[in-house]
Every structure is written in C-alpha cells, then in structure tokens.
Amino acid sequence: MPIQQDARYCPQCGHALEARERYGRARPVCPACDHTVFYDPKVAVIAFVTDGDRLLMIKRKYEPGSGKWALPAGFVENDEHPQTAAERETLEETGLIVRAERLILLLHRPDPDGLADIVIAYRAALIGGTLAADDDAADAGWFARDDLPEVALASTTALLALWHDGAI
C-alpha cells in the first residue's frame, strides 16, 4: 500500500492544519502561523549491473514483491548523491562493489504499491566484492538474459525490456 501523505498538525507551532489554496493547489496550511506544508517526494535508485551476459538481481525480502526478484535498489538519503546511493545499496544488498556510471532511466511512481515517487536507474560497473545477500535482500544472484526469475516491480520490468532491446 502506498504511503499516504497526511499532515494534521503544523510542524512549526503544533496548531491543527487546514486545506487552503497555495501555489496553485490545495495544501495543508496553518491558520495560526501561516506555515505551508509541502510533501517531498521519496527518491529511490537502482543499479543495473551486468557481468558479460548475466544480470545481477536480488530476491526481495519485503513487500512490495516479497519473494520475487528485482534489481539492487533502495532509497536515497537526504544528504547523499543518487549515484552514491546506488553504489551503497548494491553493496548492502549483494556484497558487491560497483561504480554507478551513467543514468539510464528516470521513472515517476512506477509501481502503484511502491514506496518511491521517483526512481533513478544507473548503469553500474562491477568493481569487486563477494556476492552475498544481506540487508533487505533474501538472496542475490546472476541471471542470464534468457533465464530470468519471476520479477517484482515495474521498474525492473522496464529496465529488463530495455536490456532485451539492446538499449542498455
């Protein structure tokens, strides 16, 4: 289930908020101090890593898509560059060190039940490490283009289509 953004009290003064027209749409506004609440998007990154004709994937431990396979991915910290986040998430989930080299796809809310509003996918090069699932990955492995497991997430499906078409 997607996260619902619902502000009820002002983060500045604690007064109950009300919907008012601000900056072209209805937004939560504090009638006491006039503070406007803006909802920030949740940004995730994906690392698309290949070794020859094999693709690195992780088996998801949690929903959405628990038990199915996806590309190494995760959320960007507020003070982190997205490329660095893609490298960190890949290391955390797979034990492999990668270098995010180029942006390959940008998606807006690709999964209706997903938690990310913006998903940034990078082509990443394998640098080193030892393959071992960890963090929120139940398993990790390399898969041939013609022998892929059951896939979770629309973002993974979109990237696999680009890979099959030779665009990645």
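Residues numbered from 1 in each chain as written. Predicted model: local features only at pLDDT ≥ 70, side-chain atom pairs only at ≥ 80, totals over all residues. Heavy atoms only, no water.

## Some details on the pattern of salt bridges
Then, number 1: Counted according to the given criterion, the structure contains 12 salt bridges.
Then, number 2: Notably, a salt bridge pairs Asp 34 with Arg 20, separated by 4.0 Å at the nearest N-O pair. Of the two residues, Asp 34 is situated in the loop between β2 (25–29) and β3 (43–51) and Arg 20 in strand β1 (residues 18–22); the sequence distance between them amounts to 14 residues.
Then, number 3: Each of Glu 18, Arg 20, Arg 22 and Asp 34 takes part in salt bridges that share partners, so that together they form one network. (Salt bridge = Lys/Arg side-chain N within 4 Å of Asp/Glu carboxyl O. Helix = DSSP H or I, 4+ residues; strand = E, 2+ residues; numbered from the N terminus.)

## What to know about helix α1 (residues 82–94)
Then, number 1: In this model, α1 (13 residues) spans 18 Å end to end at C-alpha, consistent with the 18 Å of a helix rising 1.5 Å per residue.
Then, number 2: Along α1, the residues that are buried comprise Ala 85, Ala 86, Glu 89, Thr 90, Glu 93 and Thr 94. Summarising the axial view, the buried residues of α1 lie within an arc of 130°, below the 170-degree limit, and thus occupy one face.
Then, number 3: Note on α1: the residue one or two positions beyond its end, Gly 95, has a positive phi of about 80°. (Expected span 1.5 Å × (residues − 1). Buried < 20%, exposed > 50% of the residue type's maximum accessible area, 1.4 Å probe, protein only. Arc of directions from axis to C-beta.)

## Here's the deal with the packing of aromatic side chains
Then, number 1: In total, this model carries 3 aromatic pairs according to the counting rule given.
Then, number 2: Between Phe 48 and Trp 163 the ring centres are 5.9 Å apart and the planes differ by 75°, which places this aromatic pair in the edge-to-face class. Pair noted here: Phe 48 is in strand β3 and Trp 163 is in helix α2 (residues 154–164), with a separation of 115 residues, a long-range link. Neither Phe 48 nor Trp 163 differs from the other in exposure class; each is buried.
Then, number 3: Centroid distance Trp 69 to Phe 143: 4.8 Å. Interplanar angle 70°. Geometry classified as edge-to-face. In this pair, Trp 69 sits in strand β5 (residues 69–70) while Phe 143 sits in strand β9 (residues 137–144), placing the two residues 74 residues apart along the sequence. The exposure classification of Trp 69 matches that of Phe 143, with both residues buried.
Then, number 4: The lysine or arginine in question, Lys 42, covers the ring of Phe 75, its NZ or CZ lying 4.8 Å from the ring centre.
Then, number 5: Between the NZ or CZ atom of Arg 145 and the centre of the ring of Trp 163, over which it lies, the distance is 4.2 Å. (Phe/Tyr/Trp six-rings, centres within 6.5 Å; stacked < 30°, edge-to-face > 60°. Lys NZ or Arg CZ within 6 Å of the ring centre and 35° of its normal.)

## Some words on the nonpolar core
Then, number 1: Residues Phe 48, Leu 55, Leu 71 and Leu 159 are the most contacted members of the largest nonpolar core, which totals 18 residues.
Then, number 2: Elements supplying a minimum of two residues to this core: β3, β4 (54–60), β7 (96–108), β8 (118–129) and α2.
Then, number 3: Residue contacts for Leu 159: discarding those within four places in its chain leaves Ile 46, Phe 48, Leu 71, Ile 104, Leu 105, Ala 121 and Ile 168. (Core = buried A, V, L, I, M, F, W, Y, C linked by side-chain atoms within 4.5 Å. Contact = heavy atoms within 4.5 Å.)

## A word on the side chain of Ser 155
Then, number 1: Locating Ser 155 in the fold gives a position in helix α2.
Then, number 2: A relative accessible area of 5% means that Ser 155 is categorised as buried.
Then, number 3: Contacts of Ser 155, omitting those with residues within four sequence positions, involve Ile 46, Leu 107, Pro 110, Asp 111 and Val 119.

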